[in-house]
Amino acid sequence: MQNKVKIFKNPGELAKDAALNFKSLTKVKKSGNFNVLLSGGNTPVLLFEYIREHLLKEFKWEHIHFFWGDERCVPSDHPDSNYGNANTILLKYLDIPTSSIHPIIGETHPYLEADRYSKIIHDHFEEKENVPVFDLVFLGLGADGHVASLFPGQDMIFHSNRLFEVTIHPETGQNRITATSKLINQATNIYFLVAGEKKAFVLNRIINKVKGFEKYPASGIIPVNGKLTWFVDKAAATYL
Ligand code: 6PG
């Protein structure tokens, strides 16, 4: 299935459209929980803010479960915490049971937590053998082509048979816990949110499959049965 690329004049318009599409997906799902895997970093901040400011009453939060595609191995009150930031900006404003929010615990032993979190997800989906299928996975794109916390040159981890692995950020040395492509690629919908000039070079190489594009982990995000949509602002789309 051909990936869809949507280009917006600015990050705010990108975030608004991604939020409205998220809302639509939750409405389309007629039964059961809607399970979403959130990404971290800065780009989702505008998405969370838009939902908080405009769509708080538009979602049936009681049917939505939040998980994370990656987490920095820091306490939840640390400024780097993906869960901490999502909670501060959005989740604490939602009328949602705490049992519907499933953070990765950044301050525990990374390898034990990667195992624990994989089990949490298997149990939630009541899937022991098959790979759980998220309704929606949000992803960002690093300027080096990383996705979640799957960094270039870590192919064994990218192709791991486990749902979550431990990685180390190549520049900061920070331990990360990350979903693998095995989990991400099973999703029904994958939304890449990419904003800013810094991402333009790598985005073009991935989207247009420029020679050597395979070295970028984000190029390995290929939905097995689902749909992938790129939400991109004009700055990041400079070379498209
Ligand atoms: C993280 C993210 C990571 C992020 C990209 C883009 O935990 O940092 O999951 O994959 O999406 O690094 O980050 P920005 O949105 O800050 O550019």
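Here the structure is a predicted model, which is why all the values come from computation and not from measurement.

**Q** Can you help me understand the overall build of the chain in this one?
**A** The secondary structure content of the chain amounts to seven helices and nine strands. Along the first, second and third principal axes, the C-alpha atoms of the chain reach 45 × 40 × 35 Å. Put simply, the chain has 240 residues, and 54% of those count as buried. In the chain, 75% of the contacts between residues at least 6 apart in sequence involve partners at least 24 apart. Of the roughly 11,400 Å² that the chain leaves accessible, carbon and sulfur atoms contribute 52%. Separation between the mean location of the 27 positive side-chain charges and that of the 26 negative ones in the chain comes to 7 Å.

**Q** Help me understand the sheet that holds strand E4 (residues 70–72), please; the structure alone is not making it clear to me.
**A** Taken in spatial order, the three strands line up as E4-E7-E6 in an open sheet, and their pairing is antiparallel. Each edge of the open sheet is held by one strand with a lone partner, namely E4 and strand E6 (164–168). Strand-to-strand twist across the sheet, computed as the mean angle between neighbouring axes with direction ignored, equals 20°. Those strands touched by helix H4 (residues 110–125) are E6 and strand E7 (175–179), and its axis lies near 150° from that of E6.

**Q** Is there a simple way to think about the sheet that holds strand E9 (residues 227–233) in this case?
**A** Hydrogen bonds between backbone atoms are what pair the strands of a sheet, whose relative direction is either parallel or antiparallel. In spatial order, the strands read E1-E9-E8-E5-E2-E3; together these six strands make up an open sheet with parallel pairing. Edge positions in the sheet fall to strand E1 (4–8) and strand E3 (64–68), since each of these pairs with one other strand and no more. On average, each strand axis in the sheet is inclined to that of its neighbour by 20°, with strand direction left out of account. Looking at chain direction, strand E8 (residues 189–194) and E9 are connected through six bridges and run parallel.

**Q** Where do I start with a nonpolar patch on the surface in this structure?
**A** Side chains of Val5, Ile7 and Leu240 sit close together on the surface and give an oily, nonpolar patch of about 230 Å² of accessible area. With respect to the secondary-structure elements, Ile7 resides in strand E1. Using a relative accessible area of 47% as the deciding quantity, one classes Ile7 as partly exposed.

**Q** What is the right way to look at the site of the ligand in this model?
**A** Contacts to the ligand come from 14 residues, most closely from Thr43, Arg72, His146, Ala148 and Lys199. Residue Gly40 places a main-chain N or O atom 3.3 Å away from an oxygen atom belonging to the ligand.

**Q** Whenever I open this one, the pairing of strand E5 (residues 136–139) confuses me. Can you help?
**A** For a regular strand, side chains alternate in direction, first toward one face of the sheet and then toward the other. By the alternation rule, side chains of E5 split into Leu136 and Phe138 and Val137 and Leu139, which are all buried. Note that strand E2 (residues 34–38) and E5 share two bridges and pair parallel. Note that in E5 the partner of Val36 across the bridge is Leu136. Bridge analysis of E5 against E8 gives three bridges, and the strand direction is parallel. Each residue of the ladder has a partner; that of Val137, found in E8, is Ile190.

**Q** Explanation requested: the pattern of salt bridges in the structure shown.
**A** Close approach of charged atoms allows side chains with opposite charge to pair. Here the structure, examined in full by the defined rule, presents nine salt bridges. We note a salt bridge from Glu58 to Lys23, for which the minimum N-O separation is 3.7 Å. One end of the pair, Glu58, is in the loop between helix H2 (43–55) and E3; the other, Lys23, is in helix H1 (residues 11–28), and 35 residues separate them in sequence. Residue Glu113 pairs with Arg116 through a salt bridge whose shortest N-O separation is 2.6 Å. Of the two residues, Glu113 and Arg116 are both situated in helix H4; the distance of three residues between them amounts to about one turn of the helix.

Parameters and conventions
- Residues numbered from 1 in each chain as written.
- Predicted model: local features only at pLDDT ≥ 70, side-chain atom pairs only at ≥ 80, totals over all residues.
- Heavy atoms only, no water.
- Helix = DSSP H or I, 4+ residues; strand = E, 2+ residues; numbered from the N terminus.
- Buried < 20%, exposed > 50% of the residue type's maximum accessible area, 1.4 Å probe, protein only.
- Contact = heavy atoms within 4.5 Å.
- Areas by Shrake-Rupley, 256 points an atom, 1.4 Å probe, with all protein chains shown as cover.
- Lys, Arg positive; Asp, Glu negative; His and termini not counted.
- Charge placed at Lys NZ, Arg CZ, Asp CG, Glu CD.
- Pairing = 2+ DSSP bridges.
- Axes fitted to C-alpha atoms, helices over the stretch in contact; angles between N-to-C directions.
- Patch = residues over 30% accessible without salt bridge, like charges linked within 9 Å, V, L, I, M, F, W, Y side chains within 5 Å.
- Salt bridge = Lys/Arg side-chain N within 4 Å of Asp/Glu carboxyl O.
- Near = heavy atom within 4 Å.
- Polar contact = N/O pair within 3.5 Å; in protein donor to acceptor, adjacent residues only side chain to side chain.

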